[in-house]
Amino acid sequence: MKALILVGGFGTRLRPLTLSVPKPLVDFANKPMILHQIEALKDVGVTEVFLAINYQPEVMLNFLKDFEDKLGIKITCSQETEPLGTAGPLALARDNLVDGSGEPFFVLNSDVISEYPFSELIKFHKAHGGEATIMVTKVNEPSKYGVVVMKEETGKVDRFVEKPKIFVGNKINAGIYLLNPSVMDRIELRPTSIEKEVFPRIAADEKLYAMVLPGFWMDIGQPRDYITGLRLYLDSLRKKSPYKLAVGPHIAGNVLVHESAVIGEGCLIGPDVAIGPGCVVESGVRLSRCTVMHGVRIKKHACISSSIIGWHSTVGRWSRVENMTILGEDVHVGDEVYSNGGVVLPHKEIKSSILKPEIVM
C-alpha cells in the first residue's frame, strides 16, 4: 500500500518554530510530527510514502533519509511548483500512487494527530465497496467547521454543510482518507480542493463513506491546539502504553521525559509535559502543560506553563514563562524575567519582561 501526506506550505501559524524547520519536522511529544504518521502507516503495511510539498523539500528529505533506513519504508517528495490545494497534489503524484494493483491508498493532512486506526479504516473501506472513505471526528461546536452529514447505520455520506447555522450534525472531516485509484479520474492537475470539489461529487454518486474516528483527534497546526493535542496524546499513551510515561515523586500527571534528559532535585513536573533529548532541568523547577524541545536548559526555580520552548533555548533562574509563550530556536531568557504570551523569534536574548502577549523580533 501507498500513502500521500499533504505537507503544503510555510506553517505560518506555528511560527517562530517553523522558521527553523518545516512544520512537519517540528517536535511533538519528542519526535517530529510527521513521524507519528509515518510509523503508523508502516504498522499497517504501507511501503511507500509520498510527501506533497511546496516549501523546503531538501530539508525534509535530508531529515527523513535517516528514517527511511530505520523504518524500512520508502519516502519520496512530490514537489509542487505552485500551491495546488488539497486535491491537486494527488493529480501530481498520480503515477506514483496508481500502480495498476487496484489497492486503495491513504491521504493524510500532516497536522493531524490521533491514534491512527488505519487497520480498522482498511476493513471498513473494503466492506462498504464504495470509492472513498473519510474519517470524521465528533466536535462540540460544529458551527465552526464543515459538517459531514452521513447515515449513521451505513456511514454513507449524504452531503457537506459549511459552518452550519442550524444543527445538521456534529461530525467533521478529520483529514484522514482511504481512496480507490478510480478517484484519480475525478481530479485535474490544477489548484483544487478535495473537501469542497472532489468529495461532494463522490457523495453525489453515493460512493463516499465516513467512519467515525475512535479515540482523540487534534489539528496541531497552531500553538494552543498543539498544547491541547499534547494533553490528548499523553492521555492516550497512559491508556495504551503507560510504561512510556515518567514516574517518580516529582511527577504529577502524564509526563514524557527523554532518557537523555537530566532533571534536578525538588522539581515538580506535570501534568501534560514533554521533555526532549539532551535537556537539563535544574533543581526547583516547575513545569506544566508545556513542551521543552531538545537541548534546552531550564535554570533553577524557573516556572513554565502552557508554553513551547524551542530547541537549544535557555530559561533563566526564577523566571516565569506562561500563557502561550513560544520561544523559537536558541532563545535565551534572562534570570527573573517574566513572559506573558511572548512569541520570540530564533536567536534572541530576552533581558526584560514581556508583560502582554506580543511578538519579539
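Residues numbered from 1 in each chain as written. Predicted model: local features only at pLDDT ≥ 70, side-chain atom pairs only at ≥ 80, totals over all residues. Heavy atoms only, no water.

As annotated in an unreviewed UniProt entry, the protein carries the name mannose-1-phosphate guanylyltransferase and comes from Phoenix dactylifera.

(A) Here's a closer look at empty space enclosed by the protein. With the rule as written, the count across this model stands at 1 cavity of 30 Å³ or more. By volume, the largest cavity amounts to about 30 Å³. Arg186, Ile187, Glu188, Arg190, Thr192, Val198 and Arg201 are the residues that line the largest cavity. Across the lining of the largest cavity, the residue classes break down as 2 nonpolar, 1 polar and 4 charged. (1 Å grid on protein atoms, 1.4 Å probe; cavity = no way out; pocket = protein on both sides within 12 Å on 5 of 7 lines; lining within 4 Å. Points joined across faces, edges and corners; volume = space filled by probe spheres on them. Nonpolar A, V, L, I, M, F, W, Y, C, P; charged D, E, K, R; others polar.)

(B) Highlighting the layout of surface pockets. Estimated volume of the second largest pocket: approximately 900 Å³. Secondary-structure elements contributing two or more residues to the lining of the second largest pocket are β3 (31-32), α1 (33-43), α2 (57-71), α7 (223-240) and β14 (255-257). Classifying every residue of the lining of the second largest pocket gives 18 nonpolar, 7 polar and 8 charged. (Helix = DSSP H or I, 4+ residues; strand = E, 2+ residues; numbered from the N terminus.)

(C) Representation of the pairing of strand β12 (residues 208-212) in the model. Counted residue by residue, β12 has 4 buried out of 5 residues, so it is predominantly covered. With 5 bridges connecting them, strand β8 (residues 132-138) and β12 associate as parallel partners. Directly across from Met135, in β12, lies its bridge partner Met211. (Buried < 20%, exposed > 50% of the residue type's maximum accessible area, 1.4 Å probe, protein only. Pairing = 2+ DSSP bridges.)

(D) Local environment of the packing of aromatic side chains. By the definition in use, this model includes 5 aromatic pairs. For the pair Phe28 and Tyr226, a centre-to-centre distance of 5.3 Å together with 90 degrees between the ring planes defines the contact as edge-to-face. You can see Phe28 sitting in strand β2 (residues 27-28) and its partner Tyr226 sitting in helix α7, a full 198 residues away along the chain. Ring plane angle 75 degrees and centroid distance 4.8 Å describe the contact between Tyr177 and Phe199, whose orientation is recorded as edge-to-face. Of this pair, Tyr177 sits in strand β11 (residues 171-179) while Phe199 sits in helix α6 (residues 194-204); the two residues are 22 residues apart in sequence, bridging distant segments of the chain. In this pair, the class of Tyr177 matches that of Phe199, namely buried. Feature note: the residues Phe28, Tyr226 and Tyr233 constitute an aromatic cluster, connected by ring pairs. (Phe/Tyr/Trp six-rings, centres within 6.5 Å; stacked < 30°, edge-to-face > 60°.)

(E) Focus on the pattern of salt bridges. Inspection of every chain in the model, using the stated rule, returns 15 salt bridges. Put simply, Glu48 and Lys2 hold a salt bridge, and the shortest N to O gap is 3.9 Å. With a gap of 46 residues between them, Glu48 in strand β4 (residues 48-53) and Lys2 in strand β1 (residues 2-8) connect regions that are remote in the sequence. Since its relative accessible area comes to 15%, Lys2 is described here as buried. Salt-bridge contacts for Glu152 lead to Lys171; the nearest nitrogen and oxygen are separated by 2.8 Å. Here Lys171 lies in strand β11 and Glu152 lies in the loop between β9 (146-150) and β10 (157-162), a separation of 19 residues in the sequence. Glu152 sits in the exposed class, given a relative accessible area of 53%. (Salt bridge = Lys/Arg side-chain N within 4 Å of Asp/Glu carboxyl O.)

(F) Fine view of the sheet that holds strand β18 (residues 280-281). Here 6 strands make up an open sheet; going across it, the order is β15-β18-β20-β22-β25-β28 and the pairing parallel. On the outer flanks of this sheet lie β15 (262-263) and β28 (349-350), each paired with one strand and no other. Both β18 and strand β20 (residues 297-298) contribute to a ladder of 2 bridges, which runs parallel. Paired with Val280 across the bridge in β20 is Arg297.

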